[in-house]
Structures are given as C-alpha cells and as structure tokens.
Amino acid sequence: MSILLHACCGPCLLYPAGVLEGEGTDFTCYFYNPNIHPYREFRKRLNTFQELADSRKYKYIIDRDYGLKMFLRRVVFKEDQRCKFCYQMRLANTAKLAAEKGHRGFSTTLLYSTYQNHSLLRKEAAAASANHSIPFVYYDFRVGWQQGIDESKECNLYRQSYCGCLYSEQERYDNRLKKQLKRKKKSDVQPPRSGHDQSK
C-alpha cells in the first residue's frame, strides 16, 4: 500500500516513519503546515524535516509557501476552534494531493503527538477522506511517544517548544510567566526558621 504521510515536523516523523518502514508500507512524506508562526520557526521546522528526510532517504514533497495569512483568515474570531480549522486545512490538502498522486491512502504524524486532540483529528481526517474519495489510514502513533523523543535527541534534531501557531506560542509564554510568578511568590514568603524565637 502506498500512502501520503502528512509530516508536521522532523521529530514527529521519526516514530511513524519507523512503523511504516517496519511493516513494509510504501510512503511519501508531505510537509504542509500553514499554521506555523513566526516565519523563522517555519524555516527551522522545514529545514529539519528536509535534513531528516534526506538522511533517511525518505521520499517527500514540500509545500514551501508560508501560509500564515490563509490560516489566520480561517481562525480569526474563532480562536477557540483553531485546532479544528488547522486540522481541516492540513488533512484536506493531504487527502487531495494523495488522490491526485495516485496513493492508496493518507495519514499524518499529528497522530504521534500526545498533545494533539486525537478524536478531533480522526473526525477531520474522516471528512477529508470522504470529500476526496481516498482512505484515511489510521495509526495510534502515540504509543511511541517517548521512543520518538529519545531518537530525536540522539539525532540532535531541532525540537520545537510549542505546537506551531501564534496562539500556541502565546500560551507557551503565558504558562512560563505563570510559573515564574508562582516561583517568585513562593520565594517571597520566607517560612520561620525553626529553633528561633520569632518575637525577638
């Protein structure tokens, strides 16, 4: 079976590609990620993906267009549904291209991440499958989460610290700020030392 495998980045490709190779499945990787912000981050992920694919001799297709405007037009004023629109864009394009290139199915490395909404991914993949008349090949790649992390570190791959979009980047900094404030608050409250009369 030949499938088109949407790849969100290099580190997330490692385990899924290993699974497909292990079962003898012919696959072509497809880098299409219009959600990534800022442009420097987009280039880092694209370059890391290409370096890995070249080193492993994976077949691949890259969409080099920086599609941030298109992504933002889809999600503005609907930010609470941004993951849904993000999945729709990437999976619909993957299914469409897979059908055009004569693949027997499509899948995505997004199924590897424990941070993604797995059930929503499957729902949007099923819709893309129906719209383009091509099977969605489902894998629960999450079982290899730690294995993929360990391998990406061994390969010294660039590892991103947020999902990719402007909103997830903001959440990363918000969470860091919350942790910093929490640590500062704890350090500001000095507990009484034992063995001393605090009234002196």
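Residues numbered from 1 in each chain as written. Predicted model: local features only at pLDDT ≥ 70, side-chain atom pairs only at ≥ 80, totals over all residues. Heavy atoms only, no water.

K.L.:
Kindly report on the packing of aromatic side chains, identifying the contributing residues and their values.
P.N.:
By the definition in use, this model includes 15 aromatic pairs. A centroid spacing of 6.4 Å and a plane angle of 85° characterise the contact between Tyr15 and Phe141, whose relative ring orientation is edge-to-face. Note that Tyr15 is positioned in helix H1 (residues 10-22) and Phe141 in the loop between helix H5 (118-132) and helix H6 (145-154), a separation of 126 residues in sequence. An aromatic cluster is defined as three or more aromatic residues linked by ring pairs; in this entry it consists of Tyr15, Tyr112, Tyr115, Tyr139, Phe141 and Trp145. Here Arg122 stacks its cationic end above the ring of Tyr138, 3.6 Å away from the centre of that ring. (Phe/Tyr/Trp six-rings, centres within 6.5 Å; stacked < 30°, edge-to-face > 60°. Helix = DSSP H or I, 4+ residues; strand = E, 2+ residues; numbered from the N terminus. Lys NZ or Arg CZ within 6 Å of the ring centre and 35° of its normal.)

K.L.:
Can you break down the sheet that holds strand S1 (residues 2-7) residue by residue, with the values?
P.N.:
Within the open sheet, the 4 strands sit side by side as S3-S2-S1-S4. Their pairing is parallel. For this open sheet the edge positions go to strand S3 (59-62) and strand S4 (105-108), each flanked by a neighbour on one side alone. Across the sheet, the mean angle from the axis of one strand to that of its neighbour is 25°, orientation sign disregarded. Inspection of the sheet shows S1 paired to strand S2 (residues 26-31) by 6 bridges, in the parallel sense. (Pairing = 2+ DSSP bridges. Axes fitted to C-alpha atoms, helices over the stretch in contact; angles between N-to-C directions.)

K.L.:
Give a detailed account of the nonpolar core, specifying residues and quantitative values.
P.N.:
Formed by 51 residues in total, the largest nonpolar core has its most connected members in Leu13, Phe27, Phe31, Phe49, Tyr58, Leu91 and Phe106. Looking at which element gives the most residues to this core, the answer is helix H4 (residues 82-100), with 8 residues. Apart from the residues within four sequence positions on either side, Phe49 is in contact with Ala7, Gly10, Leu13, Cys29, Phe31, Tyr60 and Ile62. (Core = buried A, V, L, I, M, F, W, Y, C linked by side-chain atoms within 4.5 Å. Buried < 20%, exposed > 50% of the residue type's maximum accessible area, 1.4 Å probe, protein only. Contact = heavy atoms within 4.5 Å.)

K.L.:
If you had to explain the packing of helix H3 (residues 68-75) against H4 to someone new, which residues and values would you point to?
P.N.:
Axis separation between H3 and H4 bottoms out at 9 Å; the angle between their running directions is 135°. By the angle between their axes, H3 is oblique relative to H4. Relative to H4, H3 is oriented so that their crossing is right-handed. Listed contacts from H4 to Met70, Phe71, Arg74 and Val75 of H3 are Arg82, Phe85, Cys86, Gln88 and Met89. Of the residues in the contact of H3 with H4, the class split is 6 nonpolar, 1 polar and 2 charged. (Parallel < 35°, antiparallel > 145°, perpendicular 65-115°, else oblique. Left-handed = near helix turned anticlockwise from the far one by under 90°. Nonpolar A, V, L, I, M, F, W, Y, C, P; charged D, E, K, R; others polar.)

K.L.:
Please set out the pairing of S3 residue by residue, giving values where relevant.
P.N.:
With 4 bridges connecting them, S2 and S3 associate as parallel partners. Its bridge partner lying in S3, Tyr30 is registered against Ile61. Between the parallel pair S2 and S3, the chain is carried across by helix H2 (residues 39-56), and the sense of this crossover is right-handed. (Right-handed = clockwise from strand over helix to strand, strands pointing away.)

K.L.:
Give a description of the pattern of salt bridges that names residues and reports values.
P.N.:
Enumeration according to the criterion identifies 5 salt bridges in this entry. Two residues, Arg45 and Glu41, come together in a salt bridge whose shortest N-O distance is 2.7 Å. Here the residue Arg45 and the residue Glu41 both occupy positions in helix H2, the gap between them amounting to 4 residues, near one helical turn. For the pair Arg45 and Glu41, one class covers both residues: buried. (Salt bridge = Lys/Arg side-chain N within 4 Å of Asp/Glu carboxyl O.)

K.L.:
Just give me the short version of H4, but keep the residues and values in it.
P.N.:
Helix length check: H4, at 19 residues, gives a terminal C-alpha distance of 27 Å against a target of 27 Å (1.5 Å per residue), a fit within 8%. Inspection of H4 places Arg82, Phe85, Cys86, Tyr87, Met89, Arg90, Leu91, Thr94, Ala95, Leu97 and Ala98 among the buried residues, and these make up the whole buried set. Looking one or two residues past H4, Gly102 carries a phi angle of roughly 80°, positive in sign. (Expected span 1.5 Å × (residues − 1).)

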